Structure formats: structure tokens, C-alpha cells
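Structural overview
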Amino acid sequence: MRKIIVLFGFLCAICVQAQDYKFGKVSKEELEQKFNSTDSSASATYLYKYRNSFFEYTQEKGFELITEVYERVKIYNKDGFDYATKQLSLYKSNSNEENFTGLKASTYNLEKGKVVESKISKSAIFENEASKYKNKVKFTMPNIKEGCVIEYKYKIMSPFLSNVDDYVFQYDIPINKLYAKFQSPEYFVFKVNTKGFFAVTPKVERKTGRILINTKTRSSGSGFSSVRTSFESSQIEYITNVSTYELDNVPAMKEEPYVNNINNYRSSINYELSYTQFPYSRVEYYSTTWEDVVKNTYENEDFGGQLKKTGYYENEVDALLASVSDPKQKVTFIYDFVKSQVKWNGYYGYLTDVGVKKAYKEKVGNVAEINLMLTSMLRYAGIRAYPVLVSTRNHGIPLFPTREGYNYVITCAKFDDGSEVLLDATSSYCHLNVLPFKALNWKGRAINEQGNSTFVDLYPKKLSQDITVLMIDLNEDGSIHGSCRKTKSNYRALTYREKYNGIDKDDYIEKLDNKYNGIDILEFEVKNSTDLGKPIVETFEFEKESQADIVGDKLYFSPLFFFKENENPFKLENREYPVDFGYPFQTSFRIIINLPEGYKIESLPEKGAFSLPENLGIFQYNVVGMKNQIQVTIKSRINSSIIGSEYYVALKTFFSEIVNKEAEQIVLTKV
Amino acid sequence: MIPKFFVNILFVFTSFLVVSQDLSYNALTISPDLKKDANAIIRLNDVSIVMETASKMYTKGKRVVTVFNKRGNKHVNAHAYYDETTKIKDLKAIVYDGFGEPLKKIRESDFKDVSAVDGGTLYSDSRVKYLEYTPASYPYTVEFTYEIVNENTAFIRSFTPINDYFLSVENSQYSIAYGEEIQLRTKENNFNAIELIKEDKPGILKFRVKDIPAFEPEAYSPATNVLLPEVMIASDKFVYEGVFADVNNWKSMGSWFHNNLLKGRSAISTGTRSKILKLVDGVDNPIERAKIVYQFVQDNARYISVQVGIGGMQPISAIEVDLLKYGDCKGLSNYTKSLLEIAGVESYYTRLYASRDNVLNVKNDFVSFQGQTNHVILNIPDNGNDIWLECTSQDAPFGFIGAFTDDRDALVITPEGGQIKHTKKYLPEESLQSISGEYSLTGAGDIKAEVVIKSMGIQYDDKYKLDSETPRELDKHYKTRWRYINGLVLHDFKIVNNKDDVIFSENVVFEASKYAKIVGDRMLFSVNAFNRNREIPNRYRNRKFPLKINRGFKDVDVFTITLPKGYKIEALPHDVLIENKFGRYLAEVQKIDETTIKYSREFTVLDGQFPKENYAKFRDFFKTVAKNDNAKIALIKTNTNP
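Worth saying up front: this structure is predicted, and the values here are computed from it rather than measured.

1. Points about the UniProt feature "domain: Transglutaminase-like" (unreviewed entry) in chain A
Those places that UniProt annotates as "domain: Transglutaminase-like" (unreviewed entry) correspond, in this numbering, to residues 321-416 of chain A. For the annotated span residues 321-416 of chain A, helix accounts for 38% and strand for 19% of the residues, and the straight-line distance between the end C-alpha atoms is 19 Å.

Dropping the structure here:
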């Protein structure tokens, strides 16, 4: 008997395992499923996700890159309905374009215990031109209801052989089963780049492929023989490299605040064409190592070639530097000159588009035009300056050597004393060593005159400070009158300038009024808003009602009043990915509170300090009571741009403690 | 003989030249009044329309904008839409520097050409050409000229000299020349503060304004499309996608719409037909039958926006929605209407302007769809107790339209013609949120709490989407809702969405450490832990617009508080009662026994429009509420050695 039970159980297990992933074979069990048993919050799940990319040879077109996709998606609830609409981008350039063909798509519902299929209609497929380089295909499934399963398969034929879409293994919804394949003939050598938190390794094998070539020869006969046509068929054998990925139960990725770019952690594989070698032809290299990438870039006319051009600016730069000899001053002059002369048109890229010369003349350029021009001018002025390839935050971290790894370029200038400075002339409020926030992403790659490269750390080392000095008179009715002086440096100043420079003063005061929930601002002044070398200094005088609670003959208040941190920015109980602040920072307060006449201190919060592990951050709270006055100093500092997820709980507690400590009350009693 | 019409054309198309000759593009000479608060200024906007017959409309325009800073770039607005019935004949632009010297000429082929699909739309066959220009310095001026031919004449653009904040206008003019068969109707709105110069001659109509200073947005003010000056223009005769119309009142417009765009689009497959008949079999009450049908649509069809050709105003046929099980607002409304018909319930296709913040009426006295409608719902007359159905939502309760389409005039289209009706208005007491809760404090100041929140009316609308959120999102939601409670840990929550009675109930249990602050022998805490109104409306030193509260609401709260052992009450907040024309606020704290306190609160805000002078008082009201919602109780340690 026992045996039978065991056997029965075993059979059952097999039944569950044996899902049929042929198109159209959607099972009743799949339709009956009410939620994903491993992630009940999932609104949909890829039951099966299939992709096969391979190269196909035809005599007319030569090699083509074919990608076949087949996906089966379970939709649990209305939030999952978005997965019933699929959107694809197809690339094109000049006469070449990717083609979308062979769509087969159906929705399955359970009606009265029966599986009912609804096929997609032609009118639900849309193709249109999104830009010069891109077509978009969209299709949406019919008969979508909670609990339904959809399936679609299609094929994309691409003439862009070096452009293999990334194999992505992790999505916002879970995947039950994934099967992916990449097959490339020996003539194409690809480099495999993996990234993400979730490790994936393929099974690799080799297989033989064949190309049939038909040739037709016409020979004109001599003498009496007629014209002959002969058909010949030759066959070429080659080796195909096959990588297969099989994954089960891949968890969904979930969004978290303060993540640099979640794609940095998404598990994926990138196939980068490194070289091609066809029979009887020379090897043609694309890229393999970082050195190759750098060399290719440097030799590119739209990069290295642009650095060499000097004629278009020589007169102006000569005039500009006529009386300057100090190298640091030269850098400042040239940097300000480029910023004032050429404006950024909003386009990224480390290669120029119209070229530096035209950009200079038209006073508008992309990132490469502006910063390569800057590098070139600095070199012309005798400064050791290098272009630095950067990948912006949205573009992700370039973990592997690829030409697409970088999308931005800045400038690095080095001085004889060993110091160096990073520059980006595309934003008017950036400054020496203050780059746009989007460029603060891991490491850049500086390229020297020989075309060799070195890493440059892009995360700022210097603290960005926010210092507030308050002098406050507390009145018996709980209102306060005070003066505030705020100093903001580096990135804090950049943010301020980007947000408020150019705004009408009255408007700004109104904003400030409202930011602090209705304070009355009496005098206001801001200094250094355009003097980028100096911190922003903002001073104002203010009044605000009900800042202390009056209970009996006592006054209760927090010494930070309306400046205190009210809310912990970290709400999730735990997290997977590092917290990325972008730059280290310190917020400090020095507060002097003059007590209302006739009151004495009854109790003060305790002094205290606490810190994050590994010296990642510190909070200090100091309070001194005198006869008519209380002095408070508070400092909180995060020392690192990035804090690993292993410290998340500590970080969350750290901020919670700050909120608690800053809310602690001072009590005064009427004498 | 030159036909009169062509004289007009000549006259119209040359009219702006007269202005532009003496118009300098120098930005330095712009009057300071027009520079104040302006990110950009419209130097000239000249629109000339020629409509000889109802089947074609030519528009020629010139728009000259000087931009002062980067926030003003968006006002250049050099773009033109085109599709099957709208063709661009000419498009060009010239950029000038601050002194009015030409910098760059941009030809039509240099304009970007993209599909005009916005985020929410799956497909649209409309495309747009737009100018992309990066200024090298400010100020700069763009002169944009265009010529467009339109075969649709149902939408004649209005004369709207100003349409955005921080934008001033030097000159704006509009003319429309029309053939003898055309009768035009116009309606002027909001010109009390701005002088409208008019010229009305046979065959041509002209409007002009000048020197309008920039204005800033203000909170709690009427919607811009209610505030801003505009002349609406419509022709009795028009052609819409090849369909001719001759209408001059909503009744006849409705008939035209019904006969040409709706009729014959309600067929349904026999399968679905018998399903519906079976579902409503034995149900006598027509409203109950309508509920069944509405539920059927919600369970079966989803919203997808596809804009193809006539799709602009005509719904796709019901049979197509029946097959695909999706549609846009038009398609889904028409589908629901067709199914209701099968169930023997009469309902009407209704066009209106949907927007939460821009509550805009279809004007009873001005018959045209231009700018007046953007959405479709259904109306069930139910003997005068109008029921409104939002057919694009798969989770709204039957008859619940919420803030998207409430309280506004709509065009109800019946086979007998069109009719203006007012949609459901949610009265403050209908938009009720009641919280009953209890919390206790420990000796360490930690709070343990359990609350039951019931929401109705517009407050139901604000919350019912929570029903489909994941536990992780709900956890975040409650931590954000009570963000003033540091370190909140959620223990349990239960949500019941009662669609029959339209009541959304939440039951939440949470805990937080150090909610009460311990100061020496005392403990201090805000008594209102669950429903603090912390909003203080922005202050304006010089308020320009009237105060407008779109929707009222009412909150009723009763909390029971258990005090920690070893403490007794030292001081309680005073009771507060405020009553004024904006609403009512009541807060009472009552000592039940040595360890129990009862807190009652009522906060009602009434909807309405008030003169701008009232704004400061309204702000004070909210300020006082915020202050009292933060009122504290002080406890003191009981003497351990009596």
C-alpha cells in the first residue's frame, strides 16, 4: 500500500512538471491558477518565455539575424492587464530595417470549465514610425479577463548583425520557465557580458551548419555547340556555437527609492560582436577589450579627430589668455569661455554630430562637441587635458567593454602639483569638480594622447554641505522671530542654482513661505548665485506662530522648530539594492534661542551621538543651557556616495533615530 | 468681376503683413509691464482662416514668440498636426537674436516629424511636425509661419489669445473669412478685464487683443479654461469626416450625431445577446438589470485607446468591442449602451469634458464640440433620477462617476436629439470619511493603535484603487498617510470595498515607538493621531483670482485613548468650534476616567466660489485647523510615594 502511495505521489509530481509549452497547449490548470504561489503579489507571470536568436544565410541577402520570440503570460488581476499590450522597437538606418513577421497570438479563458481561445485580429496590430531610426510595433490582445492566459509568437529579421538585443532574465513580474538560445556561426565572434544580482550561466555546445550556394554559369559555345547553362551547387560547412539558457522560477524585480538605476542589477546577458572572420577574408575587429574600445574611439574621426582641430578658436583663445600664465587660472578662463559660447542642445553621446567647428560657429552642440572642444582648447593652452568617457545614471554602469557602454564625455585637467579637476561645460551651473548629477556614475575612462586609458572615479570625494545658523527669539505666546543664514556648497549649491536661479525674488520668497508651511519672511538676500566658485549664502529674517506648545505655565518646543526632519525617507522594511545618494553630504545646524523673559529652563534633551557602521555616517547632537539662552548644534553626515544593502537596516534606523532625536522637546517654566 | 469671397481672402491674408511691418523683433524694447512674471511673450499671433464652403478650411498663421529664459522655451510652440484630413501646406521658422537680427532659417524638412501618440494611447494615425531648437542665449525670438488645409470643419479653432501661465501677449489677432453659404456663431468669454477689438463685416469676422500681462497660477482658483479669455466660433454647416451637418442648437446637433455617428453601430453577436438575456432573466427592476449589464462589461472588456480616422468622435461598432473585448471611452460606452438595450434598459450616449481639476460645462448656449468635450459616458434617465455610467473603469461601482466627470453640464444624445443635463454632484456630507479608532500609550511613549476608516463619495473615489494594491504598496501607503508618526510598523490591515453601498472600509492595526515624547516627569503627545489636516494653502501677497473650492467633504472622527500607567493628565487642549462660510471645524477632548480620554473631531469643507478677498480668511481657517489638529496633551508622572 505504501508503495502505491509513493508511486501515486511521484506520478502527480510528474503531472505538475509536465507543462506543455507548445503554442496553443494552454492547460486548464494554468487558467485555474488564482495567484503565483511563490509571489502572491504578482499581477502577472511569464509562464514560459522563449527566445531564439540565430544567423540565417540566404543567397540574396547574405546573413541575417533572426530572433524568434514566444511568450506565455498568466494575468492574475487588472493590474496585470498592461502585459496584454506588447510594444517593440525596430531599428532602421538608410535602406536597412528590421522586419517584424509571423505574429500569432491568442488569449485563453476558462468558460464553463472549457478552455476558450480568442485569436488576435489584424486590426489590433499597429506599426508606425517613431523617428528616423525607429519603427514601433504594438499589439494588444483580445478578450482579456482576470485569470486569462495569453500567448504570442513572432519573428524579427534584422540586417544589423552586430546589434543583438540583450538577453534579459529578470522582469517586474516573475518568470516560471525561461528558455533562451543564441546561435552564431564561427565567422562571428561574440563576447559575452553578464550582469545582475541573479547569476546565469549558459550550456554551450557546437553544432554544424551548412550554406548552400547555387551558381549558374552560361558558357557561349564555340563552333557548332550551342550556348550552355550549367547549374552548380556547392556547400560550405561551418560550425555554429550554441548557448542555451534554461531558468526556473525567476523572482520579480521590485522598485526601491534611492536606487541609481535598477537596470544595473537586472540580470542580463549582452552579446557584443568582437570580430568577424569569413573564409578567405581578413579578420575584422569590432571591439574586445577596453583598450580596443578606447583605441577605436580615439581613432574615430568624430572623437580623436575633433580634438586635433584648433584653427577655429585659436584667435579667440589667444586673446582670452593673453595675460594669463597660471595654469589653474587658464583652466577657469577656458571653461567659462566654452560655457558662455556654446550651449548644450540636450543630446548625449561621446561622438560629435555636426563637429566641433560647426558647433562653435552655431553656438550649439551635443555633449561631445562641447567637452571635446573644451579639452582641445585646454591642450592648446598647454594644459594636460583628457577626455573622459562616462556612462550616465540612466544609461547604467558599463561593466563590460562595449562601444555602447559609454554615452557621455567630460574633461579632466591635470596640474603639475598632481591635482586634477573634472569639468563638464554643458550645464551653466556646473563648476570645477561639480558635474551634473546624471554624470555621477561609478567610474569614467580618461583617454590620453597615445590612446591609452585609465579609470577616473566620478563619485565626488568632497562633502556637499548645508549649514544653517539660526538666531531665534522665542516669545511667551509660542511665536518665534529669528534670522536664518544658510550656506550651501558643491552639489547642494548646484541643486539650488538649477532650481532657483532666474526665478523672480518675490516668487522665490513665496515658495520659501510655503515650503516652511507659512512662515512670514521679512528680509531676504541670496549671495553668490552666479559666482559658482563660492557657496550659496541665503539669509532671511522670519516670523512664525505657534512654534511652542503652551501647557499650563510651561512651554514645550523642539529646538529645530520647523527645520526639523519630520519623515524617514526609508519606508521599506528591507531592500535588495544599494542606496545611492550620489555624493557625500553633511547637514548642520547652529541654533541660538533666546528665552522669553520670565522663563527658565526646566529640562533639555540629552546630548548624544550615534553613527553608522564602517564610518559611513554620523549624527551629533549637542545642547547647552544658559540663563536666558540655549545653544544647540546638530550635525548629520553621510560619508559615502553609496551605501550597500547590507547596511540598509542600520541606515533606516539611523534616519529614524534622527527624526526622534530632532523631535525631542525643551521645556521652559515660568519663574 | 472678382467674387466677393476672393476679395476677402486677399484682405485676410494680407492683414497681418500690415502689423508685422512695424513690428520689431528687438527684445529690448518690450514694455516692462509685459516682461514682469513672463518667461516668454507672444509678440504676435495671427491666425487667418478662410472657409468658403463647409467642406474645406484654410488656416494661415504666424506666431512670433520672444523667449526670456529656459522656462519659456515651451511657449515657442512651433508645431503642426496632420492626418488624413489635415494637410500641412507650408511650415517654416526664422530665429532672431535679442536685437532682432536673424540667426537661422528653418525649413519644413528640418522640423521633426513624429507620431502624435501620447503615453496613454496605443495608436493614433495623427502625426506632428515640430521645431526643435536649442537657444545659444536668451532672449531670442522665433517667427513661425504655417499654412494648413483641413477637410474637417466641425472644429474651428477658438480665439484664445492666452493659454498658459508666465506668458504675456503683445498682439494677438484672428480673422475668419467665410463664404455666403456659411453662418457663423460666436461666443465671447471672460473679456471683462481685457479689451476685445472686434470687426464684423459681411463675410469676415476679426478679433484682436493687445498687451496682456503674464499671470501666475494660484491654488484654489477656477480652472484656466474657465478663467481665460476666449472667443468660440462655430459654423452651422460643417463637414466631419465626409459627413455634412447643418445644426444650430444642441437638439439638432444631437440628432445629427445620433443619425450619422451612432446609428447602426449597436449590433451584438447572438452569443452575447443570449448571454445577456439569460443574465437578466427574471429580474424585473430595470436598474437591477442595468447593474448586471454593467458588471458584465466590467468583467469582460478593458480600456484601450486607439485613435484611427473617424475614431475621433465615432465609436467603433459594438460588435467589434464584443469580439475584441476592448475599446476606448466611445467604444465601451456604445457597447454598454447596446447591451443595455438588449436588457431592455434605455440609456444615452453622453459627451462631456472630463477632468478632475478642470470642471468645465458644455455650454448650453453655444453649439460646437470644439474644446467642450473630451470624453464619453452613459446616461440612464431612470425617470428623472439620472444615473451616470463610466464605462472605461473595470472597478468603479455602478453609477459612481467620481471626480472625473461629476457636477458639470453634459450633452446627452438621444434619438430625438441632444439635451444638456447636469451630472451628479457629490454634496459635502455625501463625501464622508469617518474614522473610529482607539490607541493606547505605554510608559515608554510607544503607541498601539487600531482604526476603522470608512470613506464615501469623493473620498471613496480617492481610495478605492487601494483595493487592488499589493501588500507591499499598501504598507508604503499607510506609512505615507501617517508620515508624521515616525517608525510606524503595520501589523495588520483589512480592506473591504463595498461596491453596492459605495463604502470603502479600511481596518488598520499599527504600532510606533516613542510617539509620545518623554520630557523629565512629563509625557507630551498630539491627541489627534489618525487624521491631521496639515495642509496650509499657499499664501499670495497679491491674490488675483477668485477662491474656488471644487468639491466639499466631511470628516468625522472619534478616538478613544488609553493613557499609560503611572501617569495622570496634567493639561488637556481646549475644545474648539469654528464655523464660517468655508466650513466647520469641531474638536473636543473629554476625560472619561483617570486613564481614558475621548477625542471627537469634525471637519467640513464646503464647495463654492468666493471673491478673491476671501482667500486670506480661507487660508486662516486651514491654518487654525492645522494648528488644532496638532494640539497636545501633557501627562505627568503620578507620585509613586504618596
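Don't stop here, the text continues.
2. Some details on the interface of chain B and chain A
Contacts between the two partners involve 62 residues from chain B, matched on the other side by 68 residues from chain A. Our count for the contact surface shared by chain B and chain A stands at 8 salt bridges. As a salt-bridge pair, Arg483 of chain B and Glu567 of chain A come within 3.1 Å of each other at their nearest N and O atoms. On inspection of chain B and its partner chain A, the count reaches 19 residue pairs in polar contact (both at pLDDT 80 or more). A per-element tally of the side of chain B that touches chain A places helix H11 (residues 471-481) of chain B first, with 6 residues. Split by residue class, the side of chain B that touches chain A holds 19 nonpolar, 14 polar and 29 charged.

3. Quick look at the sheet that holds strand E13 (residues 204-212) of chain B
Within a sheet, each strand pairs with its neighbour through backbone hydrogen bonds, oriented either parallel or antiparallel. Residue and element names in this part refer to chain B. One open sheet accounts for 8 strands, arranged E5-E4-E9-E2-E1-E10-E13-E12; its pairing is mixed. On the outer flanks of this sheet lie strand E5 (102-106) and strand E12 (197-201), each paired with one strand and no other. Between one strand axis and the next, the sheet turns by 10° as a mean value, whatever way the strands run. When strand E4 (residues 86-96) meets E5, the two strands line up antiparallel, connected through 4 bridges. When the sheet's bridge partners are listed, Ala93 is paired in E5 with Ile106.

4. What to know about the domain arrangement of chain A
All names here are of chain A. Each domain of chain A was delimited in the assignment, giving domain 1 (36-206 + 241-252 + 260-276), domain 2 (290-457) and domain 3 (464-670). Taken together, the contact pairs 10 residues of domain 1 with 12 residues of domain 2. When the two sides are added together, the surface that domain 1 and domain 2 hide from each other amounts to roughly 870 Å², 44% of it contributed by carbon and sulfur. For the domain 1 face of the interface with domain 2, the top three residues by lost area are Asn260, Asn264 and Glu272, together amounting to 49%. Seen at the junction of domain 1 and domain 2, the total is 3 residue pairs in polar contact (both at pLDDT 80 or more). Breaking the side of domain 1 that touches domain 2 down by element, the ones donating at least two residues are strand E12 (188-195) and strand E15 (268-276). At 4 residues, E12 tops the list of elements feeding residues into the side of domain 1 that touches domain 2. The residue inventory of the side of domain 1 that touches domain 2, partitioned by class, reads 1 nonpolar, 6 polar and 3 charged.

5. Looking at helix H6 (residues 286-300) of chain B
Residues and elements named next belong to chain B. Helix length check: H6, at 15 residues, gives a terminal C-alpha distance of 21 Å against a target of 21 Å (1.5 Å per residue), a fit within 8%. Within H6, the full set of buried residues consists of Ile287, Arg289, Ala290, Val293, Tyr294, Phe296, Val297, Gln298 and Asn300. Those residues of H6 that are buried lie in contact with helix H5 (270-279), strand E17 (302-303), helix H8 (329-342), strand E21 (375-380) and strand E22 (387-389). The N-cap of H6, judged by a side-chain oxygen 2.8 Å from the amide nitrogen of Ile287 a few residues on, is Asn285.

6. Some details on the pattern of salt bridges
Under the criterion given, the structure shown has 70 salt bridges over all chains. One salt bridge in this structure joins Lys488 of chain A and Asp466 of chain A, with 3.5 Å as the shortest N-O distance. With Lys488 of chain A in strand E25 (residues 480-488) and Asp466 of chain A in strand E24 (residues 464-474), this pair connects stretches of sequence that are 22 residues apart. In this structure Lys488 of chain A comes out as buried when scored by relative accessible area, which is 12%. Given a relative accessible area of 12%, Asp466 of chain A falls into the buried group. With its nearest N and O atoms 3.0 Å apart, the salt bridge here joins Glu602 of chain B to Arg584 of chain B. With Glu602 of chain B in strand E36 (residues 596-605) and Arg584 of chain B in strand E35 (residues 583-593), this residue pair connects regions lying 18 residues apart in the sequence.

7. A word on the state of the cysteines
One pass over the structure, following the stated rule, counts 0 disulfides over all chains. Left without a disulfide partner, Cys391 of chain B is nearest to the cysteine sulfur of Cys329 of chain B, which lies 9.4 Å away.

Conventions we followed
- Residues numbered from 1 in each chain as written.
- Chains lettered and ligands numbered in written order.
- Predicted model: local features only at pLDDT ≥ 70, side-chain atom pairs only at ≥ 80, totals over all residues.
- Heavy atoms only, no water.
- UniProt positions renumbered as here; feature names shortened; annotations may be inferred.
- Helix = DSSP H or I, 4+ residues; strand = E, 2+ residues; numbered from the N terminus.
- Contact = heavy atoms within 4.5 Å.
- Salt bridge = Lys/Arg side-chain N within 4 Å of Asp/Glu carboxyl O.
- Polar contact = N/O pair within 3.5 Å; in protein donor to acceptor, adjacent residues only side chain to side chain.
- Nonpolar A, V, L, I, M, F, W, Y, C, P; charged D, E, K, R; others polar.
- Pairing = 2+ DSSP bridges.
- Axes fitted to C-alpha atoms, helices over the stretch in contact; angles between N-to-C directions.
- Domains from an automatic or database assignment.
- Buried area = accessible area lost by both parts, 1.4 Å probe.
- Expected span 1.5 Å × (residues − 1).
- Buried < 20%, exposed > 50% of the residue type's maximum accessible area, 1.4 Å probe, protein only.
- Disulfide = S-S within 2.5 Å.

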